[in-house]
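Coordinates in review
Spelled out, the chains give:
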Amino acid sequence: MTTNTLSKHVFSIEDFNLWYGNDQAIHQINMEIPRNEITAVIGPSGCGKSTLLKTLNRMIETIPSVHTSGSIKYNNQEIFAKKQLVEELRTHVGMVFQKPNPFPKSIYENVAYGPKIHGIKKKKVLDEIVEKSLRGAAIWDEVKDRLNQNAYGLSGGQQQRICIARCLAIEPDVILMDEPTSALDPISTLKIEELIKELKNDYTIVIVTHNMQQAARISDKTAFMLNGELVEFSDTDQLFSNPKDKRTEDYITGRFG
């Protein structure tokens, strides 16, 4: 999936539409997602945010009635092309979900799971990957003495960071985050936000959030969606301080949503 000359945009979305059966959920989206930046997608419930996010690694295809038109290119290659292997795409484009979803295994096995599936068997190599990923997810110091304990014994915020470490272990290029802090308390939320800001040095991050303050705090670019349409997409400071579309202004000032 990689190309010799990586463009400054990881994803290019052109004239993209998506239907669930006969119901159109996404209308004519055009946007480019920049590399090594945090792009937030905001909007009221049911506006198509999570649908768009789950399309970027084709997770949406687990729903049988879905069909699409238009183009989404990842590193200049069409993600819907017949030759594109979904497993390969998902190795490059990882995902962290709304509720922490660790496997019912040890902390170590949670993080080593992906590398093992990709054929890494040597314990020394796995040990290194597990430590590096847990450090990357800013949780190594909290769990290094209990790697063999079940991940379910951790707090919600810690579980979410284990899920981020699990994602990092397969060395993705992009991390998609679907409301990653909505189930967490304010302190855990702050830790995850600080982590996300650090991760953009090495990864491209696309985050769907209901929390406008969160988008304003951590993202470089913000997209505002409404009824399946992309209303506005610009630098975060610009969108929040001087929105171009009245619908954006109405939403961020709390007039609806």
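Basis of the calculations
Residues numbered from 1 in each chain as written. Predicted model: local features only at pLDDT ≥ 70, side-chain atom pairs only at ≥ 80, totals over all residues. Heavy atoms only, no water. Helix = DSSP H or I, 4+ residues; strand = E, 2+ residues; numbered from the N terminus. Rg over C-alpha atoms; globule rule 2.2 N^0.38 Å. Buried < 20%, exposed > 50% of the residue type's maximum accessible area, 1.4 Å probe, protein only. Contact = heavy atoms within 4.5 Å. UniProt positions renumbered as here; feature names shortened; annotations may be inferred. Pairing = 2+ DSSP bridges. Axes fitted to C-alpha atoms, helices over the stretch in contact; angles between N-to-C directions. Core = buried A, V, L, I, M, F, W, Y, C linked by side-chain atoms within 4.5 Å. Phe/Tyr/Trp six-rings, centres within 6.5 Å; stacked < 30°, edge-to-face > 60°. Lys NZ or Arg CZ within 6 Å of the ring centre and 35° of its normal.

The subject of this paragraph is the overall build of the chain. What the chain contains, in helices and strands, is 10 helices and 10 strands. Taken over C-alpha atoms, the radius of gyration comes to 18 Å for the chain, in line with the 18 Å a tight globule of 257 residues would show. Taken along its principal axes, the extent of the C-alpha atoms in the chain is 55 × 45 × 35 Å. A burial count over the chain gives 50% of its 257 residues as buried. Taking the intrachain contacts of the chain between residues at least 6 apart in sequence as the baseline, contacts between residues at least 24 apart amount to 69%.

On the UniProt side, "domain: ABC transporter" (unreviewed entry) is annotated at positions that read residues 11–252 here. Within the segment residues 11–252, helix and strand shares are 37% and 27% respectively, and the terminal C-alpha atoms sit 26 Å apart.

Attention now goes to the pairing of strand β6 (residues 93–96). Side chains Val-93 and Met-95 project from β6 onto one buried face, and the interleaved Gly-94 and Val-96 project onto a second face that is buried too. Two strands pair when backbone bridges link them, and β6 and strand β7 (residues 174–178) are joined in this way by four bridges, in the parallel orientation. Counted as the bridge partner of Val-96 is Met-177 from β7.

Bringing the sheet that holds β6 into the picture now. Pairing is mixed in the open sheet, where six strands are placed in the order β6-β7-β8-β3-β9-β10. The sheet is open, and its two edges are formed by β6 and β10 (229–235), each paired on a single side. In this sheet, adjacent strand axes meet at a mean angle of 20° when their direction is disregarded. Here four bridges tie strand β3 (residues 38–42) to strand β8 (residues 204–208), and the two strands are oriented parallel to one another. Opposite Ala-40, over in β8, you have Ile-207 as the bridge partner. Contacting β6 and β7, helix α6 (residues 156–168) runs over the sheet at an angle of about 170° to β6.

Turning our attention to the nonpolar core. Of all hydrophobic cores here, the largest spans 44 residues; its most connected members are Leu-134, Ile-164, Ile-175, Met-177 and Leu-199. If one sorts the elements of this core by residue count, α6 sits on top with five residues. Ile-33, Leu-53, Tyr-74 and Leu-89 belong to the second-largest nonpolar core, a separate cluster that totals 29 residues.

Our focus in this paragraph is the packing of aromatic side chains. On inspection of all chains with the given rule, the structure shows four aromatic pairs. Judged by centre distance (6.0 Å) and plane angle (5°), the rings of Phe-16 and Phe-80 are stacked. Within this pair, whereas Phe-16 is found in strand β1 (residues 9–20), its partner Phe-80 is found in the loop between β5 (77–78) and α2 (86–92), the two being separated by 64 residues in sequence. For Phe-16, a relative accessible area of 0% puts it in the buried group. The positively charged end of Arg-166 is found above the aromatic ring belonging to Phe-103, 4.1 Å away from the centroid.

With that out of the way, let us pick up the pairing of β7. In terms of burial, β7 is a largely internal element, five of the five residues being buried. Side-chain alternation along β7 places Val-174, Leu-176 and Asp-178 on one buried face and Ile-175 and Met-177 on a second face that is also buried. Bridge analysis of β7 against β8 gives five bridges, and the strand direction is parallel. Within the sheet, the bridge partner assigned to Leu-176 lies in β8 and is Val-206.

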